[in-house]
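A closer look at the structure
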Amino acid sequence: MTTSIPRKATTVRQATIELLREHGLTTWFGNPGSSELTLLEDFPSDFRYMLGLQEMVPVGMADAYAQITGRPAIVNLHTAPGMGNAQGALYNAYINKTPLIVTAGNQRRDMQNQMCLLTNVDATMVPKPFVKWSAEPAIASEVPAVLARAIHIANTAPRGPVFVSLPMDDMAVELTEAQSSNIDILGTRTVTQAGAFPTDVAADIAARLDSAKSPALIVGGDVERFGAWDAVIALAEHTQSVVFTAPLTGLSGFPENHPLYQGTLPPGAGWISKALTGRDLVLVIGAPVFRYYPKIEGPYLPEGASLIHITNDPDEAARAPIGDAIVADLRTAAETLLAHVGQTNRSAPPPREPVADPRTVTAPLAPEALWSIVGLNLPADTLLVTEAGSNEFTIGTYVRPGHPFSHLSAAGGGLGFGLPAAVGAQLAAPDRPVVAAMGDGSMHYAITSLWTAAQYGIPLTIVVASNSEYGILKEFGGIEHTTGVPGLDLPGLDIVATARSYGVDAHEAKTTDDVAELLNAGIADRDRPTLINISTTRVKV
Ligand SMILES: Cc1ncc(C[n+]2csc(CCOP(=O)(O)OP(=O)(O)O)c2C)c(N)n1
Ligand SMILES: [Mg+2]
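Model, not experiment: these values are computed from the prediction. (Residues numbered from 1 in each chain as written. Chains lettered and ligands numbered in written order. Predicted model: local features only at pLDDT ≥ 70, side-chain atom pairs only at ≥ 80, totals over all residues. Heavy atoms only, no water.)

1. Focus on the sheet that holds strand 16 (residues 461-466)
Here is the rule: The pairing criterion for strands is at least two bridges between them, as found by DSSP. Only DSSP runs of H or I reaching four residues or more are called helices, and only runs of E reaching two or more are called strands; each is numbered from the N terminus.
Taken together, the six strands give an open sheet; going across it, the order is 14-13-15-16-18-17, and neighbouring strands pair in parallel fashion. This sheet does not close on itself; its edge strands, each paired only once, are strand 14 (407-408) and strand 17 (505-509). Relative to strand 14, strand 13 (residues 383-387) is paired through two bridges, and the arrangement is parallel. Residue pairing in the sheet places leucine 384 in a bridge with histidine 407 of strand 14.

Rendered as structure tokens:
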């Protein structure tokens, strides 16, 4: 008679780690507390843990890391207060549609009823409404299965963050052999989203494109996130459409140095109908229609234009105020359309003006001078992360990256994304130059990212446009006709000293030549982060 040797009991923690390893979730972003120690103990040597000193930092890092790697990322935060601090960054991840698996410890199950310290009362409620799904396992042994479900939910379109609360006493619970082998299966099973684009729909859209006099293609971040980049470029070229990026979608969706590319549409209905004047067919792909910001009166579209909207997000399709929408996989849609359109004989629309060299100018620099000198000095494969208020439009005009995943910002517009995102982006793309273009106000929401960048030797370069104000809020005050608003000036910031105190190689530039020289040196330094601060002119109101 042979006796099988019982396998050594696996704990929930071990099974959890193994499941996350199988799913490639070995880079963790976090800020720990005592309720997370039971999960983090004996942290495996093939995992890495990126510490952020305040919760916006790990969430922002993970957001960009997931976007640039194209895979979900994991965040581990500290019960209710940690989740509270993270909420602004979670909002950005939700609007960015980033697949994040956010976890937080919770007080022991048998101490929650007394509201002992660290009890996350109604834990699943805390991150709502900025998560696709939120759960606390009903019993310890279900932790890995709930996490597996969370990973798949986060990663199916429309993607987005999910939350799993993990009571700290769950981790040491021993699993039975049957439970362990069921969990083993969860480590390797896959969930794939698939769907064909109907050929009659493609033929109809292609016929409308072919017969349009002057079509416009409006693209968004999902073109990049869902692999439709090449097909969308080919579609624009075959149809000789002008191309714009839709407002506030987080990535450009198109090479910004392409002759058909005209920049980002401004976020107002009246502004958009003006920018699209003369276009009779507007095809939007991989973007919401549209993310307006101020109320700018005007028709949604210019006279005589119609709009077709292709999105993978049913809610995006449902809430658009205009146009017929098709919910589809974006890459399949773009490739199928491409196969159906003819090569047009329309003449090419005029390209944008080339960027001129501003020559030597002394600070305070006009934003145009700053961002043209930056744009002219960036290597072609630079990944730019922007959070720069009134400078954003100027950056879009003068910095023109041509590669996919080269111009990242927070679609949600919550400040505190830029710095941690630049750190996460550099981690995801270690061989690319990562340059963060920041406003002096935006710098301060997640400033401790500088510590993380310095400590882990993340070699990003940060350019700060210091106008000593929340310039864009003054601009908006003009649109909203508000006067006498307090809290819009930022005197007394010493960004170079602050950055140095965190261990960053920080410099004050005085001229455009300084900016060029420091930028090239910063990008060439692959061992540590560099910061370049330059004073810029104030917004005119
Ligand atoms: C979390 C958060 N708080 C406040 C705001 C409002 N807000 C939007 S832009 C902005 C100012 C940005 O200033 P800065 O980065 O200095 O750029 P500038 O406009 O001066 O060029 C503020 C405070 C926000 N978007 N997010
Ligand atoms: Mg400012």
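2. Here we look at the site of ligand 1
The condition is simple: Throughout this document, a residue counts as near a molecule or strand when at least one of its heavy atoms sits within 4 Å of that molecule or strand. In protein, a polar contact requires one atom able to donate a hydrogen and another able to accept it; more generally it is a pair of N or O atoms within 3.5 Å, and residues adjacent in sequence count only if both atoms are side-chain atoms. Using a 1.4 Å probe, the Shrake-Rupley method yields the accessible areas, and only the shown protein chains count as cover for residues. Each residue gets one label: Ala, Val, Leu, Ile, Met, Phe, Trp, Tyr, Cys and Pro are nonpolar, Asp, Glu, Lys and Arg are charged, and the others, such as Gly, are polar.
Neighbouring ligand 1 are 18 residues; Ser390, Asp440, Ser442, Gly471 and Ile472 lie closest to it. Within the side chain of asparagine 467, an N or O atom sits 3.0 Å from an oxygen atom of ligand 1. Measuring from an oxygen atom of ligand 1, one finds a backbone N or O atom of isoleucine 472 at 2.7 Å. Protein coverage of the free-state accessible area of ligand 1, which is 590 Å², stands at 78%. Looking at the shell around ligand 1, the element that brings in the most residues is helix 17 (residues 471-480), giving three residues. Counted by class, the shell around ligand 1 contains six nonpolar, 10 polar and two charged residues.

3. Some words on the nonpolar core
Heads up, the condition is: Here, the term nonpolar core denotes a set of buried Ala, Val, Leu, Ile, Met, Phe, Trp, Tyr and Cys residues that are joined through side-chain atoms within 4.5 Å. The rule is simple: take the accessible area with a 1.4 Å probe, protein chains only, and divide by the maximum for that residue type; under 20% is buried, over 50% is exposed, in between is partly exposed. It only takes one pair of heavy atoms within 4.5 Å for two residues to be counted as in contact.
Counting 58 residues, the largest nonpolar core has Leu100, Met443, Leu460, Ile462 and Leu531 as its most contacted members. Excluding its chain neighbours within four sequence positions, the residues that come into contact with isoleucine 462 are Leu419, Ala436, Met438, Met443, Leu450, Thr530, Leu531 and Ile532. Counting 34 residues, the second-largest nonpolar core is a separate cluster that includes Phe197, Ala212, Trp229 and Leu337.

4. Considering the packing of aromatic side chains
Short version of the rule: Ring pairs shown here join Phe, Tyr and Trp side chains whose ring centres sit within 6.5 Å, with only the six-membered ring taken for Trp; geometry is labelled stacked below 30 degrees between planes, edge-to-face above 60, and tilted in between.
Per the counting criterion, the structure on display carries 11 aromatic pairs. Ring geometry for tyrosine 293 versus phenylalanine 476: centroids 4.6 Å apart, planes at 45 degrees, classification tilted. Note that tyrosine 293 is positioned in the loop between strand 10 (281-285) and strand 11 (306-311) and phenylalanine 476 in helix 17, a separation of 183 residues in sequence. Residue classification places phenylalanine 476 among the buried positions, given a relative accessible area of 14%.

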